[in-house]
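A closer look at the structure
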Amino acid sequence: MLETKNLEKVYQTGDRALDDVSVTLDGTEVVAMIGPSGAGKSTFIRCINRLVEPTSGDVWLDDVELTALSKPELQRERRNIGMVFQEYGLVERLTVMENVLSGRLGYVGFWQSLRRKFPPDAIEHAYETLERVGLRGYENKRVDALSGGQRQRVGIARAVLQRPKLLLVDEPTSSLDPETSHAVMELLAEIAVDTDVPVVINIHEVHLAEEFADRILGLSDGSLVFDGPPAELDEAAKTRVYQGATDSVEASRSTGESADDQLSQDELLTKNG
Amino acid sequence: MKTDTEASSPTDWDRPTIFYNEYVKWTVYLLIVLFAAWSYWEIRITPGRLLVGLEQSSQLMANAWPPDFTPERREMIWRDILETLAMAVIATIGGIILSVPVAILGSRNLVSERVFWIGRTIIATSRAFHALIIAIIVVKAVGFGPLAGIITLMIKTVGFFGKLLAEEIEDIDPTQLEAIEATGAGRFQTYFYAVVPQITQRFVALSIYRWDINLRSSAIVGIVGAGGIGQTLVASFDRFEYDFSAAIILVIIALVLLGEAVSAVARKRISTGAAGVETTPTRDAGRRTWNRFTRGQQLLRYGSVALVAGVIVISWRHLEMGIGVVRTAPAELYDLWTRMWPPSTGIVAEMVDPLLTSLHIAILGTVLAIALSIPTALIAADTTTPNRVTYTLGKLIVTTTRSVNVIIWVLVLVLLLGPGALAGVVAIGIRSVGFIGKLLAEAIEEIDMTQVEAMTATGASRLETAVYAIVPQVKPAFIGIATYRWDSNVRASTVIGFVGGGGIGSLLMSQINQFQWANAMTILIAILGIVLFSEVVSAYARKKVM
């Protein structure tokens, strides 16, 4: 279970990226966080594993208060939180297997990691996971030889190898084409069921969020403005989430037919991005 | 594999190696380590000798400080500096003019296969020999003085410029040629519209860059009597006037840094200027006219050309060389050639040992440089340096070690450590620190921080993060830089013997001084061999780690 209480982040530049965000995530749900660029989605995810230090507020994972941990304690606890990155975050020049096994770095000693000697069960798990994400036979390929969709699968496999209690996914589809995006989201949803952990996905494609998420969080200008199942995400709610839109886009939205809503939604995101 | 999907997955995995197999890999590593150990054994570096050197250095510092800038000395330095500058200018212009035909010979898309190989052989030979080796021969052919230096630098320029220009010509986009030809343009019109615009910018940038390199070289060719400030420097060492030596070295550093700055600024202006060309529609008697440049730009262009021409004329007049010497030089070089060919075999037994010493010096110098440059790079990269003070220190080490030529380092270190291979090793090591440190720092600054962040997020320790996310990103650059430097160091190790730094250089010098030209030729061929060998090895290593 993940819980954030009054989470707040103010950057040194004075930008308030998160403002009093309190959320509780239970069980195995897939939670999609939507919102315009700059709404604070990435900051929210990074405040959970403290790649970004929150300014105030608490984060709890099960009965551990992440925000209260010392550096070494945090390092140990991070092993329980898998993360999938927007631009994959893979070590490009290493093989697929090394990247996947790097999910176990927190469990092996320095010399073992230097010699790439991982325990047999980790290697077995790595092979199984590669098979699971559809990359069987790719273990000795270098990551920079893979396509975008394949790389993101490696990123997911690395997170799975951690046997995490929570999976954080930051804009997994932003560098992928629509078809691949769909397949990656499908995989993430299945992984959530397989591994029995909650998954938080930042995503800017609202239709993917609606299709795959059990629950949607809408973030606007650092504040939580929507929290509910996809069915409840109606036009009014979308407007609330994307209210920071420019006038011209607002104008085009008001003249558009309802069937074009998705289109204008995308248009709006392009303008914001 | 298709049938046994029920079987459990493998439980062990080995990283694939770029070598044929693990045994080959470890054999290669072992050989490298053994060779380095052999080098170390041969050079006999003992802490005692280094300690003596440290003691000597305080003594030398006391003698060299303050630098001797008395009016009389200032005048000498000023005269030499002007000569050095003039040599660099004339050699650059002459070398470039000569290198155009050589580049055409070496361009695969313009000439037949046989001519191509002749062109490339000229280029490779002139690149393989260190400027000082060429200088020592040219001095014998045309006598002491700046002319020898100019010829030397021209030969080096032909190698450098010919190669890069040939590559540039080979890269020309043929569709542009076709398109201009298709409009019905004549041959020369086609050249001016389709070929010249494609290579002008790079041509000018390379010319300026080569001038910068020639300036560095013209400051040292005087060590073997080929004119410029090097002659005065080596004389000051011979007369134990170390305070004067210090003054000269400081001036050379200033000159080199100034040349580098001028060259960098000029090259930057060229690359940005070309993009910023403006067209000016104006109205003239009701008709629209069009000019490629505004009047101001046109004046600036004519002004720059006039300035360059003026510098060339002044340089030529300053050197007070008649055109006559240029006419006789080819004949004298030909005469020398007849005395060198065929090479003698009598020297072979005698030269094996010093040749090996040169290789040892290059290897140990590179190892020393790597050991010193890793910490230097870490403090000179703005992403890893602890604070401003260390950053400045790092940059300072990089700049000072880089701008002093290896020969000058040898001159100084021979005083501290005594003549021999040790001085050569330390000189090459110090000179290479700046080079490797600078490029490595740039590589460290360019790494992708997302990969580091991703490793941190898995709960990896700082060391593990460094090994998994930083080392793989920096490794290809590191191996590339190190092997490239080793390759350069092999060339350097063949000349440091001229000033007492050990290796094949001293044998070559003694043969030339005794006019044993056939022996000298044999040594030159051997040097060519090891230089080409090291170039092939380093190019192979670079290709492997890409």
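Residues numbered from 1 in each chain as written. Chains lettered and ligands numbered in written order. Predicted model: local features only at pLDDT ≥ 70, side-chain atom pairs only at ≥ 80, totals over all residues. Heavy atoms only, no water.

By the naming in an unreviewed UniProt entry, chain A goes by Phosphonate ABC transporter ATPase and is assigned to Natronorubrum sulfidifaciens JCM 14089.

1. Some points on the overall build of chain A
Helix and strand content of chain A: 11 helices and 10 strands. Relative to its full complement of 273 residues, chain A shows a buried share of 54%. For chain A, the share of sequence-separated contacts (at least 6 apart) that also reach a separation of at least 24 residues comes to 69%. Here chain A displays about 11300 Å² of accessible surface, and carbon together with sulfur accounts for 47% of that area. (Helix = DSSP H or I, 4+ residues; strand = E, 2+ residues; numbered from the N terminus. Buried < 20%, exposed > 50% of the residue type's maximum accessible area, 1.4 Å probe, protein only. Contact = heavy atoms within 4.5 Å. Areas by Shrake-Rupley, 256 points an atom, 1.4 Å probe, with all protein chains shown as cover.)

2. Re the overall build of chain B
Check the secondary structure of chain B and you find 20 helices and two strands. For chain B, the C-alpha radius of gyration of 27 Å lies close to 24 Å, the compact-globule estimate for 546 residues. Across its three principal axes, chain B shows a C-alpha extent of roughly 85 × 75 × 55 Å. A buried classification covers 46% of the 546 residues belonging to chain B. (Rg over C-alpha atoms; globule rule 2.2 N^0.38 Å.)

3. Re the interface of chain B and chain A
With 31 residues of chain B in contact, the opposing surface of chain A contributes 42 residues. Roughly 3300 Å² of surface becomes buried between chain B and chain A when both sides are summed, with 60% attributable to carbon and sulfur atoms. Three residues, W13, T458 and Y468 of chain B, lead the burial of chain B against chain A; their summed loss comes to 25% of the area buried on that side. Taking the shortest distance from any N to any O, the salt bridge between R15 of chain B and E98 of chain A comes out at 2.5 Å. One can count seven residue pairs in polar contact (both at pLDDT 80 or more) joining chain B with chain A. Elements represented by at least two residues in the side of chain B that touches chain A include exactly helix 17 (449–457) and helix 18 (462–493) of chain B. A class-by-class count of the residues in the side of chain B that touches chain A yields 16 nonpolar, 10 polar and five charged. (Buried area = accessible area lost by both parts, 1.4 Å probe. Salt bridge = Lys/Arg side-chain N within 4 Å of Asp/Glu carboxyl O. Polar contact = N/O pair within 3.5 Å; in protein donor to acceptor, adjacent residues only side chain to side chain. Nonpolar A, V, L, I, M, F, W, Y, C, P; charged D, E, K, R; others polar.)

4. So, the pairing of strand 1 (residues 2–10) of chain A
Residue and element names in this part refer to chain A. By the bridge criterion, six bridges tie strand 1 to strand 2 (residues 16–25) in an arrangement that is antiparallel. In the sheet register, V10 faces strand 2, and the bridge partner there is R16. Linking strand 1 to strand 2, which pair antiparallel, is a turn of five residues; within it G14 sits at a positive phi near 95 degrees. Strand direction decides the pairing type here: strand 1 and strand 4 (residues 56–61), joined by five bridges, are antiparallel. In the strand pairing of strand 4, L2 is matched with L61. (Pairing = 2+ DSSP bridges.)

5. Overview of the sheet that holds strand 3 (residues 30–34) of chain A
All names here are of chain A. What the six strands build is an open sheet, ordered 6-7-8-3-9-10; its pairing is mixed. Of all the strands in the sheet, just strand 6 (81–84) and strand 10 (223–228) have a single pairing partner and so form its edges. With strand direction ignored, the average angle separating the axes of adjacent strands in the sheet is 20 degrees. (Axes fitted to C-alpha atoms, helices over the stretch in contact; angles between N-to-C directions.)

6. Observations concerning the packing of helix 17 of chain B against helix 18 of chain B
All names here are of chain B. At a minimum axis separation of 9 Å, helix 17 and helix 18 run at an interaxial angle of 165 degrees. In this view, helix 17 runs roughly antiparallel relative to helix 18, as classed from their interaxial angle. Judged by the sense of rotation from one axis to the other, the crossing of helix 17 with helix 18 is right-handed. Contacts between helix 17 and helix 18 pair Q451, V452, M455 and T456 from the former with T465, Y468, A469, I470 and Q473 from the latter. (Parallel < 35°, antiparallel > 145°, perpendicular 65-115°, else oblique. Left-handed = near helix turned anticlockwise from the far one by under 90°.)

7. Regarding the sheet that holds strand 1 of chain A
In space, the four strands of this open sheet follow the order 2-1-4-5 (chain A), with antiparallel pairing throughout. Looking at strand neighbours, the two that pair on one side only are strand 2 and strand 5 (64–65) of chain A, the edges of this open sheet.

8. Side note on the pattern of salt bridges
Residues and elements named next belong to chain A. Under the defined criterion, the tally for this structure stands at 31 salt bridges over all chains. Between E190 and R132 there is a salt bridge, with the nearest N and O atoms lying 2.8 Å from each other. Placement of the pair is E190 in helix 7 (residues 178–195) and R132 in helix 5 (residues 120–132), with a sequence separation of 58 residues. Overall, E190 belongs to the partly exposed group, its relative accessible area being 36%.

9. What to know about helix 8 (residues 187–218) of chain B
Taking 1.5 Å per residue as the helical rise, helix 8 of chain B with its 32 residues ought to reach 46 Å, whereas the 40 Å between its terminal C-alpha atoms falls clearly short. By the largest-angle criterion, V196 of chain B marks the main kink of helix 8 of chain B, which is about 55 degrees, and a proline, P197 of chain B, follows within four residues. (Expected span 1.5 Å × (residues − 1). Bend = angle between axes of the 7 residues up to and from the residue.)

10. A word on unusual backbone geometry
For the bond running from W341 of chain B to P342 of chain B, omega is 0 degrees, close enough to zero to count as cis. Note on placement: P342 of chain B falls in the loop between helix 12 (323–340) and helix 13 (348–380). Here D221 of chain A, not a glycine, exhibits a phi torsion of approximately 55 degrees, which is positive. You can see D221 of chain A is positioned in the loop between strand 9 (215–220) and strand 10.

11. So, the packing of helix 2 (residues 47–64) of chain B against helix 15 (residues 406–417) of chain B
Residues and elements named next belong to chain B. Their axes nearest at 7 Å, the elements helix 2 and helix 15 cross at an angle of 110 degrees. Taken as axis vectors, helix 2 and helix 15 run roughly perpendicular relative to one another. Only V412, L415, L416 and L417 of helix 15 make contact with helix 2, whose side of the interface consists of R49, L50, G53, Q56, S57 and L60. Within the contact of helix 2 with helix 15, the residues separate by chemical class into six nonpolar, three polar and one charged.

12. A closer look at the nonpolar core
Residues and elements named next belong to chain B. I133, I137, I407 and L508 are the most contacted members of the largest nonpolar core, which has 105 residues in total. Top contributing element to this core by residue count: helix 10 (residues 242–275), with 11 residues. Judged by nonpolar contacts, the second largest core, of 76 residues, contains A369, V398, I436 and A469. (Core = buried A, V, L, I, M, F, W, Y, C linked by side-chain atoms within 4.5 Å.)

13. Regarding the packing of aromatic side chains
A complete count under the given rule lists 10 aromatic pairs over all chains for this structure. Pairing W26 of chain B with Y29 of chain B gives two aromatic rings, centres 5.6 Å apart and planes at 80 degrees, and the pair type is edge-to-face. Here W26 of chain B and its partner Y29 of chain B are both found in helix 1 (residues 22–43), three residues apart, which amounts to about one turn of the helix. Here Y29 of chain B falls in the partly exposed class, since its relative accessible area comes to 38%. In this structure an aromatic cluster arises from ring pairing among F237, F240 and Y242 of chain B. Geometry around Y107 of chain A places R79 of chain A over its ring, the cationic atom sitting 4.3 Å from the centre. Of note, R116 of chain A hangs over the ring of Y468 of chain B, and the distance from its end group to the ring centre comes to 4.6 Å. (Phe/Tyr/Trp six-rings, centres within 6.5 Å; stacked < 30°, edge-to-face > 60°. Lys NZ or Arg CZ within 6 Å of the ring centre and 35° of its normal.)

14. So, the confidence of the model for chain A
Low-confidence regions, as indicated by low pLDDT, have predicted coordinates that should not be scrutinised in detail. Here chain A averages 84 in pLDDT, while 89% of its residues score no lower than 70. Across residues 245–273 of chain A the pLDDT falls below 50, and counting only partners more than four positions away or on other chains, this stretch makes 24 contacts in the model. (pLDDT = per-residue confidence, 0-100.)

15. Focus on the environment of S181 of chain A
Residues and elements named next belong to chain A. Along the polypeptide, S181 turns up in helix 7. The exposure class of S181 is buried, given its relative accessible area of 1%. Each C-alpha atom of the pair S181 and G148 lies 9.9 Å from the other, and the pair is 33 residues apart in sequence. Sequence-distant contacts of S181, that is, excluding residues within four places in its chain, are made with T173, L176, E205 and L208.

16. Thoughts on helix 13 of chain B
Helix length check: helix 13 of chain B, at 33 residues, gives a terminal C-alpha distance of 46 Å against a target of 48 Å (1.5 Å per residue), a fit within 8%. The largest bend in helix 13 of chain B amounts to roughly 30 degrees and is located at S373 of chain B, with the proline P375 of chain B lying one to four residues further along.

17. Description of the environment of L114 of chain A
Residue and element names in this part refer to chain A. Along the chain, L114 falls in helix 4 (residues 110–114). Overall, L114 belongs to the partly exposed group, its relative accessible area being 35%. Sequence separation of L114 and T67 is 47 residues, and the distance between their C-alpha atoms is 31 Å.

18. A closer look at a nonpolar patch on the surface
A contiguous nonpolar patch, built from F188, Y191, F192, Y193 and V196 of chain B and spanning about 590 Å² of accessible area, is present on the exposed surface. Its place among the elements puts F192 of chain B in helix 8. (Patch = residues over 30% accessible without salt bridge, like charges linked within 9 Å, V, L, I, M, F, W, Y side chains within 5 Å.)

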